[in-house]
Amino acid sequence: MKQSTSNMTAALALTFAGLLSQPVQAQTEIQWWHAMGGALGEWVNDLAKDFNATQTAYKIVPVFKGSYDEAMTAAIAAFRAGNAPHILQVFEVGTATMMASKGAIQPVAEVMKTAGVAFNPAAYVPAVAGYYTAPNGEMLSFPFNSSTTVFHYNKDAFKTAGLDPEKPPKTWAEVADASAKLKASGHACPFTTSWVSWTQLESFSTWHNNEFATKGNGMDGIDARLTFNSPLHVRHIENLANMAKKGEFVYKGRGNAADAVFVSGECAMMTGSSGLYGNIKRNAKFASGISTLPYYADVQGAPQNTVIGGASLWVMSGKKADEYKGVAQFFAFLSTPEQAAKSHQLTGYLPLTLASFELTEKSGFYKENPGTDVAVTQMIRKTTDKSRGIRLGNFVQIRTIIDEELEPVWSGKVAPKAALDAAVKRGNEQLERFQKANSR
Amino acid sequence: MEKKVRFNSCWLPWLLIAPQMCVVLVFFFWPAGRAIYQSVLNEDAFGTSTEFVGLENFTRLFNDATYLQSFQTTAIFSLLVAVCGLTLALLLAVMADRVLRGAGVYKTLLIWPYAVASAVAGVVWLFMFASPMGVVAYTLRALGMNWNHLLDPADAMALIVMAAVWKQISYNFLFFLAGLQSIPRSLIEAAAIDGASPWYRFRTIVFPLLSPTTFFLLVINVVYAFFDTFAIVDAATHGGPGKATSILVYKVYYDGFKAMDLGGSAAQSVILMLIVVTLTVVQFKFVERKVQY
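Read on for an overview of the structure. Since this is a predicted model, take the numbers as computed values, not measurements.

The next point concerns the packing of helix α11 (residues 231–245) of chain A against helix α19 (residues 395–410) of chain A. All names here are of chain A. Two numbers describe how α11 lies on α19: the axes approach to 9 Å, and their chain directions differ by 45 degrees. On the basis of their axis angle, the class for α11 and α19 is oblique. Mapping the contact onto sequence places Ile237, Leu240, Ala241 and Ala244 in α11 and Leu406, Val409 and Trp410 in α19. Tallied by class, residues from the contact of α11 with α19 come to 7 nonpolar, no polar and no charged.

Let us now look at the packing of aromatic side chains. With the rule as written, the count across this model stands at 42 aromatic pairs over all chains. Summarising the aromatic geometry, the rings of Tyr114(B) and Tyr171(B) are spaced 5.6 Å apart at their centres and angled 35 degrees between planes, so their arrangement reads as tilted. Of the two residues, Tyr114(B) sits in the loop between α4 (103–111) and α5 (118–129) while Tyr171(B) sits in helix α7 (residues 153–181), which places them 57 residues apart along the sequence. The exposure class of Tyr114(B) is partly exposed, given its relative accessible area of 42%. Ring pairing ties together the aromatic residues Trp32(A), Trp43(A), Phe51(A), Phe119(A), Tyr124(A), Phe142(A), Phe144(A), Phe330(A), Phe331(A), Phe333(A) and Tyr349(A), which thus form one cluster. Over the face of the ring belonging to Trp33(A) we find Lys65(A), whose NZ or CZ atom lies 4.2 Å from the ring centre. Note that Arg399(A) overlies the ring of Phe395(A), its terminal NZ or CZ placed 5.3 Å from the centroid.

Here the focus is the interface of chain B and chain A. Interface size, as often reported, equals the accessible area lost upon joining of the parts. Contact with chain B, which involves 45 residues of that partner, is made by 37 residues of chain A. Between chain B and chain A, roughly 3,600 Å² of surface is buried when both sides are summed, and carbon and sulfur atoms account for 61% of that area. When residues of chain B are sorted by the area they lose upon contact with chain A, Phe46(B), Leu151(B) and Phe257(B) head the list and together hold 22% of the total. A salt bridge links Arg433(A) to Asp261(B); the shortest N-O distance between them is 3.1 Å. The interface formed by chain B and chain A contains 10 residue pairs in polar contact (both at pLDDT 80 or more). Contributing elements (two or more residues each) for the side of chain B that touches chain A: α1 (12–38), β1 (41–43), α2 (56–62), α11 (248–258) and α12 (262–287) of chain B. Along the lines of polarity and charge, the residues of the side of chain B that touches chain A split into 23 nonpolar, 12 polar and 10 charged.

Attention now goes to the nonpolar core. In terms of nonpolar packing, the biggest core is built from 140 residues, with Phe212(A), Met269(A), Leu406(A) and Trp410(A) touching the most fellow members. The leading source of residues in this core is α7(B), at 13 residues. Those residues within four positions of Phe212(A) in sequence are excluded, and the remaining contacts are Leu201(A), Glu202(A), Ser205(A), Asn217(A), Leu226(A), Thr227(A), Phe228(A), Ile390(A), Leu392(A), Phe395(A) and Ile402(A). By size, the runner-up hydrophobic cluster in this structure holds 34 residues, among which are Met112(A), Tyr124(A), Ala340(A) and Leu352(A).

What follows deals with the pairing of strand β1 (residues 28–34) of chain A. All names here are of chain A. Within β1, 6 of the 7 residues are buried, which leaves the element mostly enclosed by the surrounding structure. As defined by bridge partners, β1 adjoins strand β2 (residues 58–64) across 7 bridges and the pair is classed as parallel. Bridge pairing in β2 places Glu29 opposite Lys59. In the classification by handedness, the crossover that spans β1, the intervening helix α2 (residues 38–54) and the parallel β2 is right-handed. As paired strands, β1 and strand β3 (residues 87–91) are joined by 2 bridges and run parallel to one another. Considered in β3, the bridge of Trp33 is made with Leu88.

Residue and element names in this part refer to chain A. Take Ser197: it is sitting in helix α9 (residues 196–207). Residue Ser197 is classed as buried on the basis of its relative accessible area of 3%. Polar side-chain contacts of Ser197 include one of 2.6 Å to the side chain of Glu202. Residue contacts for Ser197: discarding those within four places in its chain leaves Glu202, Arg399 and Ile402.

Look at the link from Ala302(A) to Pro303(A): it is a cis peptide, with omega at -5 degrees. Following Gly240(B), the chain continues into Pro241(B) via a peptide bond in cis, with omega recorded as 0 degrees. Note on placement: Pro241(B) falls in the loop between α10 (230–236) and α11. In this structure, Asn394(A) takes a positive phi of about 50 degrees despite not being glycine. Mapped onto the secondary structure, Asn394(A) falls in the loop between α18 (374–379) and α19. A relative accessible area of 13% means that Asn394(A) is categorised as buried. The residue Met260(B) is not glycine, and still its phi comes out positive at about 60 degrees. By secondary structure assignment, the location of Met260(B) is in the loop between α11 and α12. With relative accessibility at 12%, the residue Met260(B) sits in the buried group.

So, on to the pattern of salt bridges. Taken as a whole and judged by the stated rule, the model has 24 salt bridges over all chains. Residue Glu92(A) pairs with Arg399(A) through a salt bridge whose shortest N-O separation is 3.0 Å. Residue Glu92(A) is found in the loop between β3 and α4 (95–100), and its partner Arg399(A) is found in helix α19; the two are separated by 307 residues along the sequence. Look at Glu92(A) and you get buried, because its relative accessible area is 8%. A salt bridge links Arg426(A) to Glu405(A); the shortest N-O distance between them is 2.7 Å. Of this pair, Arg426(A) sits in helix α20 (residues 416–438) while Glu405(A) sits in helix α19, placing them 21 residues apart in sequence. For Glu405(A), a relative accessible area of 17% translates into the label buried. When salt bridges that share partners are traced, they join Glu404(A), Glu405(A), Arg426(A) and Lys243(B) into one network.

Residue and element names in this part refer to chain A. Examined against the element boundaries, Ser203 turns out to sit in helix α9. Each C-alpha atom, one on Ser203 and one on Thr149, is 6.9 Å from the other, the two residues being 54 residues apart in sequence. Sequence-distant contacts of Ser203, defined by excluding residues within four places in its chain, comprise Thr149, Trp198, Leu293, Thr306 and Val307. One polar contact links the side chain of Ser203 to the main-chain amide nitrogen of Val307, over a distance of 3.1 Å.

The subject of this paragraph is the environment of Lys159(A). Mapped onto the fold, Lys159(A) is located in helix α7 (residues 155–160). A C-alpha to C-alpha distance of 28 Å links Lys159(A) and Trp410(A), two positions 251 residues apart in sequence.

Tracing the sequence through the fold places Thr400(A) in helix α19. The buried category is assigned to Thr400(A), whose relative accessible area is 16%. Thr400(A) sits 41 residues away from Leu359(A) along the chain, and the two C-alpha atoms are 39 Å apart. Not counting residues up to four positions away in its chain, the partners in contact with Thr400(A) are Arg254(A) and Tyr254(B). Here Val396(A) takes part through its backbone oxygen, which lies 3.1 Å from a polar atom of the side chain of Thr400(A).

Conventions used here
- Residues numbered from 1 in each chain as written.
- Chains lettered and ligands numbered in written order.
- Predicted model: local features only at pLDDT ≥ 70, side-chain atom pairs only at ≥ 80, totals over all residues.
- Heavy atoms only, no water.
- Axes fitted to C-alpha atoms, helices over the stretch in contact; angles between N-to-C directions.
- Helix = DSSP H or I, 4+ residues; strand = E, 2+ residues; numbered from the N terminus.
- Parallel < 35°, antiparallel > 145°, perpendicular 65-115°, else oblique.
- Contact = heavy atoms within 4.5 Å.
- Nonpolar A, V, L, I, M, F, W, Y, C, P; charged D, E, K, R; others polar.
- Phe/Tyr/Trp six-rings, centres within 6.5 Å; stacked < 30°, edge-to-face > 60°.
- Buried < 20%, exposed > 50% of the residue type's maximum accessible area, 1.4 Å probe, protein only.
- Lys NZ or Arg CZ within 6 Å of the ring centre and 35° of its normal.
- Buried area = accessible area lost by both parts, 1.4 Å probe.
- Salt bridge = Lys/Arg side-chain N within 4 Å of Asp/Glu carboxyl O.
- Polar contact = N/O pair within 3.5 Å; in protein donor to acceptor, adjacent residues only side chain to side chain.
- Core = buried A, V, L, I, M, F, W, Y, C linked by side-chain atoms within 4.5 Å.
- Pairing = 2+ DSSP bridges.
- Right-handed = clockwise from strand over helix to strand, strands pointing away.

Take a look at the structure:
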């Protein structure tokens, strides 16, 4: 009842917005809805401005729509009302939903081909582009801003605790050691993490070359089922639960809530997004470092590679051929080595193409900014069937289920094995529903 | 005393209530009808494929243990919000009614929170209790109490109850104050002359005369707690830790807007609507008998 009212209001508002923004000029306007606020919002606006300056036929109009899920909800309401934007930025967990909505989207590969714009899927970073590519090899969305999981640490706190600030912990055993020393030096929050599911289960799985779910983590089909209650996963969550009991791991909430407490200096070490780099650089009042995600040294095949986060750009269906031509030209503009390298260096997101990575390397950027290459080297590796990526239906719900089941573990009320079993069971119900809904 | 206005025309009364009826039809019956219609459908997020699934959305809900558990959570939450909200507001209204100097200032300050959006109320309370920087969390720790709403279910529940009560207190306060001011002074003065203590006067004269207001507010507060609090939960706890603060309306919001499961979300709002309708009928049937108009 409530949501229908809101949907209707949103639809009405969008209708009026649509009426008001009818183009008067001959230029073809292309609506781009995104979820980039703050400094990243300026980056997006600059991209549009720069592209608009290169030609006169098209005008990219970026519109900030709030958080990732708000942007997606707004676009869905708009699509239902026949007012969808041309380009929509969707976070990585929404990928399976977008892929399943065949009538709503236009595959990027097709958009490029029809528009007659040169397009070579092999030019893009494989671990990133592969995630947004259908099993038949067709690239479905444009890998705009991808991040991955890294380890951030506070060098000043390391010094105070008598740890070597230039030697960050590489394994979980070393993380536990460092946490104990930080705790002993009086630090109230030695270690925390953002995005518990993404860092501690998803990337953890691929980093150890273990499956998070069957069917190549869902990349090979929608009949995948979760497997993150394996002995290795249980061992890791037990390890974290023990650290929590000793006050060495402090849970700071769901999503990216822990980002703020690391930047403020309250927590000394964290696992989180590589995209946090810009924020730390600008706002942290201490020296900080980036290192690779910790692993268990005795696990064979570790470290493998981490999984991506961030978002990609989807092209919505039902637009005019001429408008798609503009979209294709814009994507080609974003993919030029110079432009892609500039974006990568500015934001800390992964490089879009291999050429932009080489360009950045040649320019000496990684040497001048130590740690900025960690995310890249974690991703640009030969992937395995178990580490290619994780793409599951109803992933938003699965991540929430994981948060819900693990919170009682951090407070010591539930055993790690029981919690992971429960999360797998509830998560599988979501996967079964997604499979059923999409195979009818 | 006859106060009723009599209409001799048969169409005028209908014409007069027509604007209100239009509002009710468009903003209540139409969305409610849509919700019922949507609750028997299974749709993908963009609505490109729609399928009639009968009562599947409902059976799925009732097979979900976490959904059944959230009924209990909702009952506790609503009870706490209604009882605390009414008690505090009544206390404040009685106090404000007695204030002689600066009454306007007190009243304005007490009415203020009503202008605050639910989500903002949630964030404000979250900031005060966020450990370790929050003002209240800091004080509590200094007193030797370890506040952690991120992991302690009771703390989390207390947090959203406080935010929800605070948000609604102005509304309750306004009605109680108006109710108090309409009680004839002569009754209270007569009792005072007879030697009745302030508490005795309140219990035997003021409270019974306030009962229509109290009853009205009880209904409003229960509806408020059931429907209007999802933004507070979303901003303050996201329904956590675990599912400790995941009340029914929050799940409606989450499934509809975050998880894009419109059928499931619509089915839940239909259930929620039935609960509130039942509760309201029960309140009118049983509680209203004790009300003296």
